[in-house]
Amino acid sequence: MVARHIPEDFDPASTDDPDEVHALYRDLRLRCPVAHTDSYGGFWALTTYREVRAAALDDSRFISSVKAVVPSDPRGLRRPPLNFDAPRHTPYRRALDATLSRRRLSGLEPVLRSHAVRVLTPMLERASGDIAQEFGALYPAWVTTEWLNLDPELAPALAETAACWVRAWRLQDAEVVNTMSGRMYDIARALVADRREHPRPVEEDPASSLLAQRVDGEPLDDEHIVGALRQSLVVGMVAPPIVIGSIATHLGTEQELQQRLRAEPHLVPAALEEFLRLYAPYRGFARTVVEPTVVLGREILPGVPVTLTYASANRDATVFDDPDGFELDRPNIADHLAFGRGRHRCPGAPMARLMLRVALEELLARTASFTAVGCREGARMPELGIVSSHLRFVLPGDERRGDAERRS
């Protein structure tokens, strides 16, 4: 059988600089909207809004059970709900959704706010710090700890373990991935064991909610429950530092917008949606087709991963005017795909919005201004955004003292 030759249209690992990645996507949307690469074993990339959204909604044709991320876990493990197709994924998704109600999130907000303030304080006292690596890596660990009702002593260890796991995953270092993943599996198994003995209300505890699920009268598989919790530990730790770093860097270079949001905090939720459109933290989640499928004239065969580049779709000029610019109260902002679409849209979106809103509100309220300084580090495949960004802070009162000293 003659091998099927497909031209290579782009190199996804050519740069980690977010601006350069978006420039690549802009070129592909115009030149080759359904693009192919030989990198990471070969995969397709859908880059235009219409095609990305359509594939995300067509979960019977574009399935997640073969490969959900490129590059994927080097061990090839499959965990629900991300790596399961309907209907197998549904009870896991239903269980997690039940713990993210508006009522529960409203109750969590004061606690998350206190965590945000405590984690921010050391950087503010020093008047400088890496917003992504210091605040962005630790604050989400406290959010995850509160959502899963973990022992508070686990939060710092979870932050460190998840950060090590992410770095190793990006480098495809299977040995370190195994070690760090094993630690998170230990946390998940201990959590399940405890909830079997001491169940909590299902609407307030993910482990208890998963244990309570039934399919044809039977409970979910123990290892799949552990896997779902293990996946929750990671997902809640990977994206937030990138989004926080990207938003803070944007505001650290756009002082007028920063001051407006500080003066009018009621605008923060709308601003957050535009930031999510601009700074979706993944280059794309993957699917595979169940049958030969033609998209914009190019044939995709089963078994070959297809990435849905939400970050590219969110900057498609045919959908969003001035797509690379920040527009407060963009009329069609609800159309952004930062959290995906369809059955596999991000289940943690309500928690993510709350977490990011609280972080942004506290950062603005507790500073008079902040400026992005020095070098910034971009995320490697499969993420996209800022993973290291240093800020210099001016606290309320300090700017007045500085003005007085300059006048004297």
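Since the model is a prediction, treat every value here as computed from it, not as a measurement.

*Asks:* Which residues make up the overall build of the chain, and what are the values?
*Replies:* Helix and strand counts for the chain come out as 14 helices and twelve strands. Here the C-alpha atoms of the chain give a radius of gyration of 22 Å, agreeing with the 22 Å that 2.2 N^0.38 yields for 408 residues. Judged by the C-alpha coordinates and their principal axes, the chain covers about 85 × 60 × 40 Å. Going through the 408 residues of the chain one by one, you find that 55% of them count as buried.

*Asks:* Summarise helix α11 (residues 268–278); cite the residues concerned and give the values.
*Replies:* Within α11, nine of the eleven residues are buried, leaving the element largely enclosed by the surrounding structure. Turning to α11, its buried residues number three or more, namely Val268, Ala271, Leu272, Glu273, Glu274, Phe275, Leu276, Arg277 and Leu278.

*Asks:* A description of the packing of aromatic side chains should follow, citing residues and the corresponding values.
*Replies:* Within the structure shown, the criterion is met by eight aromatic pairs. Judged by centre distance (5.9 Å) and plane angle (80 degrees), the ring pair of Tyr49 and Phe320 falls under edge-to-face. Of this pair, Tyr49 sits in helix α2 (residues 49–57) while Phe320 sits in the loop between α12 (310–313) and α13 (349–365), and the two are 271 residues apart along the sequence. Of the two residues examined, Tyr49 and Phe320, each falls in the buried class. Three or more aromatic residues joined by ring pairs form one cluster here, namely Phe275, Tyr279 and Phe326. Positioned above the aromatic ring of Trp142 is the side chain of Arg118, whose terminal nitrogen or guanidinium carbon lies 4.7 Å from the ring centre. Positioned above the aromatic ring of Phe320 is the side chain of Arg277, whose terminal nitrogen or guanidinium carbon lies 5.3 Å from the ring centre.

*Asks:* Tell me what's going on with unusual backbone geometry, and back it up with residues and numbers.
*Replies:* Cis rather than trans, the peptide bond between Val70 and Pro71 has omega equal to -5 degrees. Omega for the peptide link from Ala86 to Pro87 comes to 5 degrees, which places this bond in the cis form. Summarising the element assignment, Pro87 is placed in the loop between β3 (62–63) and α3 (90–97). At Asn149, a position not held by glycine, the phi torsion is positive, near 60 degrees. Its identity as a non-glycine residue notwithstanding, Leu296 has a phi of 50 degrees, on the positive side. Relative to the helices and strands, Leu296 is located in the loop between β8 (293–295) and β9 (298–300).

*Asks:* Describe the sheet that holds strand β4 (residues 128–130), with residues and values.
*Replies:* As a general point, the strands of a sheet are linked pairwise by backbone hydrogen bonds and lie either parallel or antiparallel. As summarised here, the arrangement of the three strands in space is β4-β12-β11, forming an open sheet in which the pairing is antiparallel. Each end of this open sheet is capped by a strand with a single partner; those strands are β4 and β11 (369–378). The sheet shows a mean angle of 15 degrees between the axes of neighbouring strands, direction not considered. Sheet analysis places β11 next to strand β12 (residues 386–394), joined by eight bridges and oriented antiparallel. Counterpart to Val373 in the pairing with β12 is His390.

*Asks:* Describe the nonpolar core, naming the residues involved and giving the relevant values.
*Replies:* Counting residues in hydrophobic clusters, the biggest one holds 102 residues, and the most contacted among them are Phe135, Tyr139, Trp165, Leu210, Leu229 and Phe275. Here the element with the most residues in this core is helix α9 (residues 222–253); it accounts for 14 residues. Core analysis: the second largest hydrophobic core is formed by 18 residues, Trp44, Ile300, Val306 and Leu308 among them.

*Asks:* Requested: an account of the sheet that holds strand β7 (residues 285–289), with residues and values cited.
*Replies:* Taken in spatial order, the five strands make up an open sheet running β1-β2-β10-β7-β3, and their pairing is mixed. The sheet is open, and its two borders are formed by β1 (34–37) and β3, each paired with just one other strand.

*Asks:* Before we move on, could you go through the pairing of β12 and cite the residues and values that matter?
*Replies:* The side chains of a regular strand alternate between both faces of the sheet. In this sheet, β12 lies alongside β4 in antiparallel orientation, the contact comprising three bridges. Across the sheet, residue Asp130 finds its bridge partner in β12, namely His390.

*Asks:* Could you give an account of the pairing of β1, naming the residues involved and the relevant values?
*Replies:* Across the two faces of β1 the burial is the same, with Val34 and His36 and Ala35 and Thr37 all buried. Summarising the sheet, β1 and strand β2 (residues 43–46) pair through four bridges and their orientation is antiparallel. Pairing of His36 across the sheet is with Trp44, part of β2. Connecting β1 to the next strand, β2, in antiparallel fashion are five residues, including Tyr40 with a positive phi near 55 degrees.

*Asks:* Help me get a handle on empty space enclosed by the protein, residues and values and all.
*Replies:* Rolling a probe over the atoms, with the probe sized like a water molecule, indicates the empty space that remains. As enumerated under the stated definition, the model contains three cavities of 30 Å³ or more in all. In this structure, the largest cavity encloses a volume near 1100 Å³. Elements with a contribution of two residues or more to the lining of the largest cavity: α3, α5 (131–148), α6 (154–171), α9, β7 and α13. When residues of the lining of the largest cavity are assigned to their parent elements, the largest contribution, eleven residues, is made by α9. Counted by class, the lining of the largest cavity contains 33 nonpolar, nine polar and eight charged residues.

*Asks:* Describe the environment of Phe370, with residues and values.
*Replies:* If you trace the backbone, Phe370 turns up in strand β11. When the C-alpha atoms of Phe370 and Gly182 are compared, they prove to be 39 Å apart, with 188 residues separating the residues in sequence. Contacts of Phe370, omitting those with residues within four sequence positions, involve Ala248, Leu251, Gly252, Gln255, Gln258, Arg262, Leu363, Leu364, Leu391, Arg392 and Phe393.

Parameters at a glance
- Residues numbered from 1 in each chain as written.
- Predicted model: local features only at pLDDT ≥ 70, side-chain atom pairs only at ≥ 80, totals over all residues.
- Heavy atoms only, no water.
- Helix = DSSP H or I, 4+ residues; strand = E, 2+ residues; numbered from the N terminus.
- Rg over C-alpha atoms; globule rule 2.2 N^0.38 Å.
- Buried < 20%, exposed > 50% of the residue type's maximum accessible area, 1.4 Å probe, protein only.
- Phe/Tyr/Trp six-rings, centres within 6.5 Å; stacked < 30°, edge-to-face > 60°.
- Lys NZ or Arg CZ within 6 Å of the ring centre and 35° of its normal.
- Pairing = 2+ DSSP bridges.
- Axes fitted to C-alpha atoms, helices over the stretch in contact; angles between N-to-C directions.
- Core = buried A, V, L, I, M, F, W, Y, C linked by side-chain atoms within 4.5 Å.
- 1 Å grid on protein atoms, 1.4 Å probe; cavity = no way out; pocket = protein on both sides within 12 Å on 5 of 7 lines; lining within 4 Å.
- Points joined across faces, edges and corners; volume = space filled by probe spheres on them.
- Nonpolar A, V, L, I, M, F, W, Y, C, P; charged D, E, K, R; others polar.
- Contact = heavy atoms within 4.5 Å.

Note that every value here comes from positions in space, so none of it alone points to a role or purpose.
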